[in-house]
Amino acid sequence: MLRRTILKAGAAMALVTSLASVASAELSGPVNYIIPFGPGGESDISARMQQPFFKEKFGQDLVVSYQPGGGGAVGWASLNGLSGDGQTIMGVNLPHIVIKPAQKDVGFKTEDLNIFHMFHFTPDAIVVTADSPYQTLEDLVADAKANPGQVTISGSGKASANHLAQIKFDKMTGAMTTYVPFKGTGAAVTALLGKQVKAEWGYTTVGAAQGDAVRLLAVAMEERHPLFPDVPTFKELGYDMVGGAYRGIALPNTASEETTKMWSDMISAVNTDEAFRQKMLDAGFALLDVDADGMDAFMAEREAEYLKDAREAGLIK
Amino acid sequence: MNFDHFLTAATPFNLCLALFGVAAGTIVGSIPGLTATMALAVLVPITFSMDPASALILLGAIYTGALYGGAYAAILLNTPGTPSAIATTFDGYPMAKKGDGDLAVALACFASVCGGLIGAFALLLLAPPLSKVALAFGPVEYFWLSVFGLSLIASLSTGNLMKGLAGGAFGMILSTVGVAEISADIRLTFGSQTLISGFGVVGTLIGLYCIPVLIDLVAVPDRHLKVEKDVKSVRIGEAFGLAMRSKFNLVRSSIIGTLVGILPGAGGSVAGLVAYSEVKRGAKPHQKFGEGEPDGIMAVESANNATVGGGFIPTLVLGIPGTPPDAIVLGALLVQGVRTGPTMFQQSGSIVYTFIYGLIIATIMMLPAGLLIGRYAYKSIVTIPKAVLVPAVGFMTIIGTFAIRNSISDVVIMLCLGVFGWVVARFGFAASPIVLGLILGPIAEQGFVQGWTIGAATNNLTGMFFGRPISQGIIAFTLITLVLPVFMGKRRAKATQGVPE
């Protein structure tokens, strides 16, 4: 009872201050930044990149914690039960948040997530070892056509960005490759480097991390990635493939519009910082600036494409 | 690699960081549920304002301390503080029951320091060539390695093999509940949201090991652990003597730990199990493993601490993290602008070598810090009255399970498994085979599915599973582990028959 009174008083006070000043919401301490995966993946690393810039601009720590389980589903299913006061945020990943709820009831729906910013994506790329016989994308396609199913390609998980890319690419080329799912990008790259498989469906970030040990055959971007000026895009080679895994941040859906706006502005500010952009590009990421205002249109477009691809691939009904 | 880096690592500030890190890590590791991963994740932002080498030394020290701290709860409460300490319970808790808990804690400390040093020196001197081990291990090798680990069930459950196997199978079934790691299928949840996250290893460990101990503590009037009249020290001298006599075991287990640590898919728990399996296979007639054999503790604790240095080898050389804590360190390095990978030892050599020396210094610091904290931990567990001990530990199990991913359903699952574990223990089903199945099941499953996919695609299934040299080696070890006890038992029976009365 007392608690409720205090809350009401607090709400009233907040209303008064919000009327009085323009800055309507603000942070009251360190922010809990939940990554619904384990450490070391692209989601974790990009969150770590944001940490120092956020601290510098807004004076508060982003404290990253991990809540792995169910390929992210455990975290996302719990998100809307958390406090919407703006002190807790959670990373979201595409295509996961579209495909998972479309497959089965996993405790959340795509439209329930209050996503306020999509800040980067890791473009799909086909990666081979430096001493691979595949010099170009055509070499790989030709081999896959001549020996159907014998070209083994590792990737992170099933019904994932990598898997969708493999299915889509096979369809486009008419070639048949064998997809071998691994637990996360790290394991998929280990399998590639150890020559357990002939290629990997990965991201540009793999090329950045492995340097001279690997060669990218093509990247799924509109333009070439500045870090790899010599690697062609799929489009240049005649395949209409642009995409990858997109990452953003969401608030619990109880967050007020002011809080959502504040967060959208703050993450936009980090994302437009030149030094931040450079760091992300150096690590192989591609930046994206979709804020809260543009989210609905962006999500609608991505959702339609993922659902279409997944349906055609037989991953969902 | 020269002496300058050692001097950089040994500044008073870095020494303080190493000491603080080891002490903090030991305490975190000793509490079931609190893991090194969690401690590191929280501390990473603090390290952004430090220079990279100091930051890494702090993170490495916490990691190494936590692996040792996991032994306390394993020895004194029969509950692994971290998954790496599972096999420490096999002989650690029986020792504590006999009144040798103080000795066991000191042994764990010596073994951990030894393992940590061997792992760190392997990282310092042999990192680039050893990183090839990580690449030589394909899906099939992981499959056979986990089968080898599962074969330990046979030697653990002497007398009731069927019950051990049933437990192992049950554990493997538990591991399949929830969203499958690589196929993304949702299995055996029966429509329940609670089960989607599956049975987490740490929560299951706490439930199966700790809750039965707590129930027993309440059910019987005796003291928790038998204790000598006066608890003075942790019997350091005696422990040192035992450790010196087991030099060979310590070195072998440390090497096993280093090698298993290099494998990104394995980790400290598998390293401990493999080392335990090996030391048990070479048991001398007077050694009774499973009933409080010091060599068992030393094998496991040296192996799991050796995975620290081992795990950093693929992390630093290949940019592929060996364990979750390694992944956090890798993330911290990337933010600091350090490029990991093959060229790192040349380009960022000073940071890397300062870090490795820092790790060595932290490991050495673990000796005094670990013995001191160990003595305190032992004293408090032994002397605290049951009426305080049980609620305190019970409280910690709940907080620890909740802390893993802020999930109440994890706590409910943990408590249910605990009661279940206590009940089936009445019927002779031990917790360890279940846990072995839970940990090794997914590694076996993934390796099998991947190996089968690749083998079928290349029309070479037999060659895939049986034709690769490393696989053949592991299969041979597995067969020896399974067949040798039977053979030895027969021979012993014959020998006793032949002896005239």
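Residues numbered from 1 in each chain as written. Chains lettered and ligands numbered in written order. Predicted model: local features only at pLDDT ≥ 70, side-chain atom pairs only at ≥ 80, totals over all residues.

Asks: Go over the overall build of chain A with me, naming the residues and quoting the values.
Replies: Looking only at helices and strands, chain A has 11 helices and 10 strands in total. In terms of C-alpha radius of gyration, chain A reaches 21 Å, essentially the compact-globule figure of 20 Å for 317 residues. Each principal axis of the C-alpha distribution contributes one length, and for chain A these read about 75 × 45 × 30 Å. A separation of at least 24 residues holds for 76% of the contacts in chain A among residues at least 6 apart in sequence. (Helix = DSSP H or I, 4+ residues; strand = E, 2+ residues; numbered from the N terminus. Rg over C-alpha atoms; globule rule 2.2 N^0.38 Å. Contact = placed C-beta atoms within 7 Å.)

Asks: How would you explain the overall build of chain B if you had to name every residue and give the values?
Replies: A count of helices and strands for chain B gives 21 helices and 2 strands. Computed over the C-alpha atoms, the radius of gyration of chain B is 22 Å, within 12% of the 23 Å expected from 2.2 N^0.38 for a compact globule of 501 residues. On the principal axes, the C-alpha backbone points of chain B span a range of 70 × 70 × 60 Å. Intrachain contacts of chain B at a sequence separation of at least 6 include 80% that bridge at least 24 residues.

Asks: Describe in detail helix α7 (residues 184–193) of chain A, supporting the description with residues and values.
Replies: All names here are of chain A. Summarising burial for α7: 10 of the 10 residues are buried, a large majority. Among the residues of α7, Gly184, Thr185, Gly186, Ala187, Ala188, Val189, Thr190, Ala191, Leu192 and Leu193 are the ones counted as buried. Two residues or fewer after α7 comes Lys195, characterised by a positive phi angle close to 60 degrees. (Buried ≥ 20, exposed ≤ 12 C-beta atoms within 10 Å, placed from the backbone.)

Asks: Residues and numbers for the packing of helix α11 (residues 247–262) of chain B against helix α12 (residues 268–281) of chain B, please.
Replies: Relative orientation and spacing of two packed helices are given, respectively, by the angle between their axes and the distance between those axes. All names here are of chain B. Two elements in contact, α11 and α12, have axes separated by 9 Å at closest approach and are oriented at 145 degrees. Seen along the crossing, α11 lies across α12 with a hand that is right-handed. Only Val270, Ala271, Val274, Ala275, Glu278 and Val279 of α12 make contact with α11, whose side of the interface consists of Asn249, Arg252, Ser253, Ile256, Gly257, Val260 and Gly261. (Axes fitted to C-alpha atoms, helices over the stretch in contact; angles between N-to-C directions. Left-handed = near helix turned anticlockwise from the far one by under 90°.)

Asks: So what's going on with the environment of Ala23 of chain B? Residues and values would help.
Replies: Residues and elements named next belong to chain B. Of note, Ala23 is situated in helix α2 (residues 12–30). We classify Ala23 as buried; it has 20 C-beta atoms within 10 Å. The spatial distance from the C-alpha of Ala23 to the C-alpha of Ile373 is 7.8 Å, given a sequence separation of 350 residues. With residues up to four places along the chain from it excluded, the contact list for Ala23 reads Gly65, Ala369 and Ile373.

Asks: So what's going on with the interface of chain A and chain B? Residues and values would help.
Replies: Counting from both sides, the interface comprises 49 residues of chain A and, opposite them, 46 residues of chain B. Elements with a minimum of two residues in the side of chain A that touches chain B: α2 (42–58), β2 (62–66), α3 (73–79), β6 (178–182), α7 and α8 (204–210) of chain A.

Asks: Hey, could you go over the nonpolar core for me, with residue numbers and the actual values?
Replies: Proteins that are soluble and globular tend to have nonpolar side chains buried together. Among the nonpolar cores identified, the biggest contains 260 residues, and Ala250 of chain A together with Ile57, Ile75, Leu107 and Ala108 of chain B are the most heavily contacted of them. Residue assignment places this core across two domains, with domain 1 (28–122 + 244–312) and domain 2 (123–219) of chain A each supplying three or more. (Core = buried A, V, L, I, M, F, W, Y, C linked by C-beta atoms within 7 Å. Domains from an automatic or database assignment.)

Asks: Residues and numbers for the domain arrangement of chain A, please.
Replies: All names here are of chain A. Per the domain assignment, the segments of chain A are domain 1 (28–122 + 244–312) and domain 2 (123–219). Here the C-alpha centroids of domain 1 and domain 2 sit 26 Å apart. Contact with domain 1, which involves 18 residues of that partner, is made by 16 residues of domain 2. Put simply, the parts of the chain that give the side of domain 1 that touches domain 2 at least two residues each are α4 (96–103), β4 (114–129), β9 (244–251) and α11 (295–312). Taken together, the residues of the side of domain 1 that touches domain 2 sort by class into 8 nonpolar, 7 polar and 3 charged. (Nonpolar A, V, L, I, M, F, W, Y, C, P; charged D, E, K, R; others polar.)

Asks: Explain unusual backbone geometry to me, and be specific about the residues and the numbers.
Replies: The peptide bond linking Leu94 of chain A to Pro95 of chain A adopts the cis configuration, its omega dihedral lying at 5 degrees. Here Leu188 of chain B, not a glycine, exhibits a phi torsion of approximately 55 degrees, which is positive. With respect to the helices, strands and loops of the structure, Leu188 of chain B is situated in the loop between β2 (186–187) and α9 (201–219). Residue Leu188 of chain B is classed as partly exposed on the basis of its 14 C-beta neighbours within 10 Å.

Asks: How would you explain α9 of chain B if you had to name every residue and give the values?
Replies: In an α-helix, one turn spans 3.6 residues; hence positions three or four apart end up facing the same way. Residues and elements named next belong to chain B. The terminal C-alpha atoms of α9, which comprises 19 residues, lie 27 Å apart, in line with the 27 Å expected from a rise of 1.5 Å per residue. Of all bends in α9, the biggest is about 30 degrees, found at Cys210, and the proline Pro212 comes one to four residues later. Val202, Gly203, Thr204, Leu205, Ile206, Gly207, Leu208, Tyr209, Cys210, Ile211, Pro212 and Val213 are the residues of α9 that are buried. Its buried side turned inward, α9 meets α4 (52–77), α5 (88–97), α17 (386–405), α18 (408–426) and α19 (431–457). (Expected span 1.5 Å × (residues − 1). Bend = angle between axes of the 7 residues up to and from the residue.)

Asks: Explain the pairing of β4 of chain A residue by residue, including any values.
Replies: All names here are of chain A. Among the 16 residues of β4, 15 are classified as buried, and the element is accordingly described as predominantly covered. Two strands pair when backbone bridges link them, and β4 and β9 are joined in this way by 8 bridges, in the antiparallel orientation. Counted as the bridge partner of His117 is Ile249 from β9. In terms of strand pairing, β4 meets strand β10 (residues 286–291) through 4 bridges, oriented antiparallel. (Pairing = 2+ DSSP bridges.)

Asks: So, the confidence of the model for chain B: which residues are in play, and what are the values?
Replies: The predicted coordinates of low-pLDDT regions are not to be read in fine detail. Residue and element names in this part refer to chain B. Looking at chain B, the pLDDT average stands at 88 and 96% of residues meet or exceed 70. Within chain B, the lowest mean pLDDT, 74, falls on helix α15 (residues 344–347), and the highest, 95, falls on α11. Taken together, the chains of this predicted complex give a pTM of 0.89 and an interface ipTM of 0.87. (pLDDT = per-residue confidence, 0-100.)

Asks: Explain the confidence of the model for chain A residue by residue, including any values.
Replies: Predicted confidence across chain A gives a mean pLDDT of 90, with 92% of residues reaching 70 or more. The model gives residues 12–23 of chain A a pLDDT under 50, and that stretch makes 2 contacts with residues more than four places away or in other chains.

Asks: Can you tell me about the pairing of β2 of chain A, naming the residues and giving the values?
Replies: Residues and elements named next belong to chain A. Burial of β2 is one-sided: the residues Leu62, Val64 and Tyr66 facing one way are buried, the residues Val63 and Ser65 facing the other way are not. As paired strands, strand β1 (residues 31–35) and β2 are joined by 5 bridges and run parallel to one another. Each bridged residue has a counterpart across the sheet, and for Val31 the counterpart in β2 is Leu62. In the classification by handedness, the crossover that spans β1, the intervening α2 and the parallel β2 is right-handed. (Right-handed = clockwise from strand over helix to strand, strands pointing away.)

Asks: Break down the packing of α2 of chain A against helix α9 (residues 257–271) of chain A for me, citing the residues and quoting the values.
Replies: Residue and element names in this part refer to chain A. Two elements in contact, α2 and α9, have axes separated by 10 Å at closest approach and are oriented at 115 degrees. Taken together, the axis directions place α2 and α9 in an arrangement best described as roughly perpendicular. Relative to α9, α2 is oriented so that their crossing is right-handed. Of the residues in α9, those touching α2 at Gln50, Phe53, Phe54, Lys57 and Phe58 are Met266, Ala269 and Val270. For the contact of α2 with α9, the residue count by class is 6 nonpolar, 1 polar and 1 charged. (Parallel < 35°, antiparallel > 145°, perpendicular 65-115°, else oblique.)

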